[in-house]
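# Topology and contacts: notes
Here is how the chains run, residue by residue.
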Amino acid sequence: MEVLLQQIINGLVLGSMYALIALGYTMVYGIINLINFAHGEVLMVGALTSWTIIGWMQEAMPGAPGWLVLLISLLIAFVVCAALNFTIEKVAYRPLRNSPKLAPLITAIGMSLLLQTLAMIIWKPNYKSYPTLLPAEPFQIGGAVITVTQLFILGTTAVSLSVLMWLVHYTKLGRAMRATAENPRVAALMGVRPDTVISATFIIGAILAALAGVMYASNYGTVQHTMGFLPGLKAFTAAVFGGIGNLGGAVLGGILLGLIEAIGAGYIGPLTGGVLGSQYSDIFAFIVLIFVLTLRPSGLLGERVADRA
Amino acid sequence: MKTKKLATILIAALALLVLPLLLQQGGNAWVRIVDMALLYVLLALGLNIVVGYAGLLDLGYVAFFAVGAYMFALLGSPHLAEAFPWIAANFPEGLHLPIWATIPAAAALAGLFGVLLGAPTLKLRGDYLAIVTLGFGEIIRVFLNNLDRPINLTNGPKGISQIDSMKFFGFDLGKSHTFFGIEFTSVSMYYYLFLALVIFSVILCHRLQNSRIGRAWMAIREDEIAAKAMGINTRNMKLLAFGMGATFGGVSGSMFASFQGFVSPESFSLMESVMIVAMVVLGGIGHLPGVILGALLLAALPEVLRHVAGPLQAMTDGRLDSSILRQLLIALAMITVMLMRPRGLWPSAEHGKSLNKRAGKDPIQSINP
């Protein structure tokens with residue numbers, strides 16, 4: 001029972017990070033029908049930027065409280081990632097809107113590779129330890145352990161999701177985004193500028209990715225140039241799982257995926273008599289995905305029929 | 001005019017035949033690069049059937065390459081004898097089946113996996129299919145990485161070594177041979193084998209393209225519902241595309257295994273799949289010369305650059321080493337080529353032409369509704 005509770009907590013933490021990243025994928029996909037393969041790398045850049053800033057700040061003012069250092073590094077990571085994602089869209093995706101659908105996919109893959117390589121040149125390829133800035137004392141809940149970092153992740157996710165939902169459903173920008181996702185041509189006739197909306201979407205996605213990156217780094221304690229790849233892949237799976245293009249679906253998909261992974265990793269060993277171990281946890285996501293899509297090709301909450309390639 | 005064409009073909013054939021002899025003067029490393037490039041051409045041709053002809057975006061293609069390579073490795077190395085006592089009792093040296101059994105087995109198993117992947121994904125299209133195939137590739141890789149326990153089938157991350165070289169009726173491609181007083185090294189022998197396979201595949205693909213099957217695939221690619229309405233059995237055709245593409249992957253995999261003498265899960269990462277897709281799209285999707293060009297460019301050019309990267313590395317204090325430089329160049333090439341030629345470097349004349357699509361400058365018109 002304690003194992004289950006512990007794995008549920010771990011799963012929720014993991015899932016909320018997936019959800020944040022998945023939102024970036026799903027918003028971009030909803031508007032321009034593109035799998036933004038570079039999204040995971042934006043997360044990586046966010047985490048590494050914050051790592052650098054934290055390093056500087058700890059040298060410049062050793063007495064600063066941990067939460068303040070984390071907050072400042074987070075804000076700078078937001079700015080860097082937003083600028084980066086804005087530029088990526090302008091340079092690599094916008095010129096290709098008239099082109100066959102696979103062309104922007106390839107530039108996205110190229111961008112992902114480029115960012116990884118540049119990060120490797122800037123930050124060196126070794127693993128770097130990410131400092132623990134929040135109190136390390138864990139809490140006990142019914143036999144399970146939860147750290148302050150994990151609480152911070154859950155809380156921040158809940159807050160940022162609420163802000164995003166408010167933004168999308170109750171602001172002018174949000175309405176423009178929904179309109180553009182529905183039909184860009186008609187939206188333009190109504191006075192919406194699709195290009196501005198798309199740029200805004202990329203900026204919002206980048207901020208969510210940077211947030212997830214810093215959380216990922218705080219949770220696992222290491223950063224490296226390839227760290228964005230796997231969470232990016234999982235988050236995309238989560239987005240498809242929930243029904244790509246659907247914001248609620250991305251959140252649901254992310255959290256479910258996190259739970260499946262954590263609970264699966266906790267129980268697969270005993271269930272199979274030790275034949276399969278937790279090293280298989282990375283593929284639960286894909287097995288679930290294949291299963292769900294076979295039964296419901298548009299994802300859990302998706303309604304729109306998938307376009308052809 | 002006709003004699004001129006014939007002359008060009010003859011010169012090209014002659015050049016291809018003597019190429020390894022010239023290259024091996026500069027060391028076997030150069031021939032190896034060309035060999036690997038030819039293998040990638042083979043893979044790209046296989047994926048082109050799935051993506052280029054049938055329009056099914058497959059991001060897990062390397063899984064079939066892996067299945068073929070491992071099948072060949074298991075049947076042609078001492079590994080199974082080490083892992084299973086009952087095999088060791090009967091075949092103390094390992095199975096070492098002849099290539100007439102191993103290559104078809106590798107091709108068949110890969111083809112079977114192709115159909116197995118195709119079957120549950122028939123309803124999916126576009127990006128949904130892409131992500132499922134990607135997941136499939138990862139599943140295969142994780143299994144290869146972990147199937148050393150409880151029974152040691154794949155030897156885990158350590159991989160399988162001592163794989164047999166290709167032997168045709170006792171003629172061993174793994175050794176040097178001398179003909180007409182010229183020494184042909186092992187890598188050059190493999191070059192001829194791969195070249196023959198590539199030429200055979202090109203002819204096969206070309207014939208396929210103009211056959212009923214090929215036309216059915218292209219109809220599905222352009223408009224699946226219309227194709228179905230015209231009486232094409234879309235389910236069977238898609239499964240056939242997956243199966244044939246995978247078979248190509250399986251054969252290439254067995255070639256790779258025997259050429260390297262060693263396989264490990266590292267060679268079959270997602271990046272490889274992505275690279276093969278990039279080759280097909282970069283060259284010109286669905287167009288054979290384009291696909292070959294794309295594969296040669298992405299496979300060979302970076303390797304050549306790796307050899308000239310030494311001075312650059314020295315100039316930047318070793319911060320830009322050859323493998324990083326190679327990645328950087330591939331990434332930049334992918335982006336710039338697509339930006340400048342979105343339909344690929346050498347696109348086919350008709351592909352992508354649609355009746356009602358007008359390329360407008362208006363950005364709004366361009367976004368898919």
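These numbers come from a predicted model, not from an experiment.

This paragraph deals with the overall build of chain B. Each helix and strand counted, chain B has 16 helices and six strands in total. Against the compact-globule benchmark of 21 Å for 369 residues, chain B has a radius of gyration of 22 Å, which places it among compact chains. Principal axes of the C-alpha set define a box for chain B whose edges measure 65 × 55 × 45 Å. Counting only residues that meet the buried cut, chain B has 52% of its 369 residues in that class. Residue pairs at least 24 apart in sequence account for 72% of intrachain contacts in chain B once pairs closer than 6 positions are excluded. When the accessible surface of chain B is totalled, it reaches about 17200 Å², and 66% of it is carbon and sulfur.

The number of helices and strands found in chain A is 11 helices and four strands. Here the C-alpha radius of gyration of chain A, 19 Å, is about what a compact globule of 309 residues would show, namely 19 Å. Principal axes of the C-alpha set define a box for chain A whose edges measure 55 × 50 × 35 Å. Taken over 309 residues, chain A has a buried fraction of 58%. For chain A, contacts bridging at least 24 residues in sequence account for 78% of all contacts bridging at least 6. Approximately 12400 Å² of chain A is accessible, and the part contributed by carbon and sulfur atoms is 69%. Across chain A, the mean location of the 15 positive side-chain charges is 14 Å away from that of the 11 negative side-chain charges.

Before going further, it helps to examine the side chain of B:Ser165. All names here are of chain B. Relative to the helices and strands, Ser-165 is located in the loop between strand 1 (160-161) and strand 2 (167-168). Taking the relative accessible area as the measure of exposure, Ser-165 reaches 17% and is therefore buried. With residues near it in sequence (within four places) discarded, Ser-165 still touches Asp-172, Gly-174, Tyr-190 and Ser-258.

Below, the discussion takes up the pattern of salt bridges. Residue and element names in this part refer to chain A. By the definition in use, this model includes seven salt bridges over all chains. Across the pair Arg-94 and Glu-89 runs a salt bridge, and its minimum N-O distance is 2.9 Å. Accessibility classification places Arg-94 together with Glu-89 in one group, the buried group. A single network of salt bridges, built from pairs that share partners, joins Glu-89, Arg-94, Arg-97 and Asp-195.

All right, on to the environment of A:Met165 then. Residue and element names in this part refer to chain A. With respect to the helices and strands, Met-165 occurs in helix 5 (residues 148-170). The partly exposed category is assigned to Met-165, whose relative accessible area is 24%. Residues Met-165 and Gly-221, spaced 56 residues apart in sequence, show a C-alpha to C-alpha distance of 30 Å. Each residue touching Met-165, except ones within four places of it in the same chain, is listed here: Tyr-170, Leu-247, Gly-248 and Val-251.

Residue and element names in this part refer to chain A. Where nonpolar side chains cluster on the molecular surface, the patch consists of Leu-5, Phe-139, Ile-141 and Leu-151 and spans about 330 Å² of accessible area. Looking at the element boundaries, Leu-5 is found in helix 1 (residues 2-32). Looking at Leu-5, the relative accessible area reads 31%, which means it is partly exposed.

Another aspect to go through is the confidence of the model for chain B. Low-confidence regions, as indicated by low pLDDT, have predicted coordinates that should not be scrutinised in detail. All names here are of chain B. A residue-level look at chain B finds 91% of positions with pLDDT of 70 or above and a mean pLDDT of 84. Confidence drops under a pLDDT of 50 for residues 355-369, and excluding neighbours within four residues, the segment shows 25 contacts in the predicted structure. Across the assembled chains, the prediction reports ipTM 0.85 with pTM 0.85.

Let us now look at the confidence of the model for chain A. Per-residue confidence for chain A gives a mean pLDDT of 88, with 96% of residues at or over 70. In this model, residues 305-309 of chain A is a region of pLDDT below 50 whose contacts with residues beyond four sequence positions or in other chains number 15 contacts.

Each side of the interface is counted separately: chain B has 56 residues, and chain A has 62 residues. Counting the surface lost from both chain B and chain A, the interface buries some 5500 Å², and carbon and sulfur atoms represent 74% of this. In this structure, the connection of chain B to chain A is made through zero salt bridges. Here chain B and chain A share one residue pair in polar contact (both at pLDDT 80 or more) between them. Of all elements in the fold, only helix 7 (126-146), helix 9 (212-222), helix 12 (270-283), helix 15 (322-340) and helix 16 (363-366) of chain B reach the threshold of two or more residues within the side of chain B that touches chain A. A per-class count over the side of chain B that touches chain A returns 37 nonpolar, nine polar and 10 charged.

Right, let's talk about the packing of helix 3 (residues 62-75) of chain B against helix 7 of chain B for a bit. Residues and elements named next belong to chain B. For the pair helix 3 and helix 7, the least separation of the axes is 9 Å and the interaxial angle reads 30°. In terms of axis orientation, helix 3 runs roughly parallel to helix 7. Side by side, helix 3 and helix 7 meet where Ala-63, Phe-64, Ala-66, Val-67 and Tyr-70 of the first sit next to Phe-136, Gly-137, Ile-140 and Leu-144 of the second.

For helix 11 (residues 281-295) of chain A, built from 15 residues, the straight-helix expectation of 21 Å at 1.5 Å per residue is met to within 8% by its first-to-last C-alpha distance of 22 Å. Those residues of helix 11 of chain A not exposed but buried are A:Ser281, A:Ile283, A:Phe284, A:Ala285, A:Phe286, A:Val288, A:Leu289, A:Ile290, A:Val292 and A:Leu293. Buried residues in helix 11 of chain A make contact with helix 9 (229-242) and helix 10 (247-271) of chain A together with helix 7 of chain B.

Once that is clear, we can look at the nonpolar core. The biggest cluster of nonpolar side chains holds 218 residues, and the ones touching the most others in it are B:Met166, B:Met255, B:Val263 and B:Phe268. Here the element with the most residues in this core is helix 2 (residues 28-53) of chain B; it accounts for 16 residues.

The next point concerns the UniProt feature "transmembrane region" (unreviewed entry) in chain A. The positions that UniProt labels "transmembrane region" (unreviewed entry) are, in the present scheme, residues 12-35, 64-84, 105-123, 143-168, 197-216, 236-259 and 271-295 of chain A. Annotated as 90% helix and 0% strand, the span residues 64-84 of chain A places its first and last C-alpha atoms 29 Å apart.

What follows concerns unusual backbone geometry. Within the chain, A:Asn33 stands out as a residue other than glycine whose phi angle is a positive 55°. Structurally, the position occupied by A:Asn33 is in the loop between helix 1 and helix 2 (39-60).

All names here are of chain B. Under the counting rule described, the total for this entry stands at 17 aromatic pairs over all chains. Note on Phe-194 and Phe-259: the rings are 5.5 Å apart at their centroids and 70° apart in plane angle, and the pair reads as edge-to-face. In this pair, Phe-194 is assigned in helix 8 (residues 186-209) and Phe-259 in helix 11 (residues 234-260), connecting sequence segments 65 residues apart. Seen in terms of ring centroids, Phe-256 and Phe-268 are 6.0 Å apart; in terms of plane orientation they differ by 75°. Their pairing is edge-to-face. Here Phe-256 is found in helix 11, whereas its partner Phe-268 is found in the loop between strand 6 (262-263) and helix 12, with 12 residues between them in sequence.

Let's shift gears to the environment of A:Ile121. Residue and element names in this part refer to chain A. Mapped onto the fold, Ile-121 is located in helix 4 (residues 102-123). The exposure class of Ile-121 is buried, given its relative accessible area of 17%. For the pair Ile-121 and Trp-56, spaced 65 residues apart in sequence, the C-alpha to C-alpha distance is 19 Å.

Cut-offs and rules
- Residues numbered from 1 in each chain as written.
- Chains lettered and ligands numbered in written order.
- Predicted model: local features only at pLDDT ≥ 70, side-chain atom pairs only at ≥ 80, totals over all residues.
- Heavy atoms only, no water.
- Helix = DSSP H or I, 4+ residues; strand = E, 2+ residues; numbered from the N terminus.
- Rg over C-alpha atoms; globule rule 2.2 N^0.38 Å.
- Buried < 20%, exposed > 50% of the residue type's maximum accessible area, 1.4 Å probe, protein only.
- Contact = heavy atoms within 4.5 Å.
- Areas by Shrake-Rupley, 256 points an atom, 1.4 Å probe, with all protein chains shown as cover.
- Lys, Arg positive; Asp, Glu negative; His and termini not counted.
- Charge placed at Lys NZ, Arg CZ, Asp CG, Glu CD.
- Salt bridge = Lys/Arg side-chain N within 4 Å of Asp/Glu carboxyl O.
- Patch = residues over 30% accessible without salt bridge, like charges linked within 9 Å, V, L, I, M, F, W, Y side chains within 5 Å.
- pLDDT = per-residue confidence, 0-100.
- Buried area = accessible area lost by both parts, 1.4 Å probe.
- Polar contact = N/O pair within 3.5 Å; in protein donor to acceptor, adjacent residues only side chain to side chain.
- Nonpolar A, V, L, I, M, F, W, Y, C, P; charged D, E, K, R; others polar.
- Axes fitted to C-alpha atoms, helices over the stretch in contact; angles between N-to-C directions.
- Parallel < 35°, antiparallel > 145°, perpendicular 65-115°, else oblique.
- Expected span 1.5 Å × (residues − 1).
- Core = buried A, V, L, I, M, F, W, Y, C linked by side-chain atoms within 4.5 Å.
- UniProt positions renumbered as here; feature names shortened; annotations may be inferred.
- Phe/Tyr/Trp six-rings, centres within 6.5 Å; stacked < 30°, edge-to-face > 60°.

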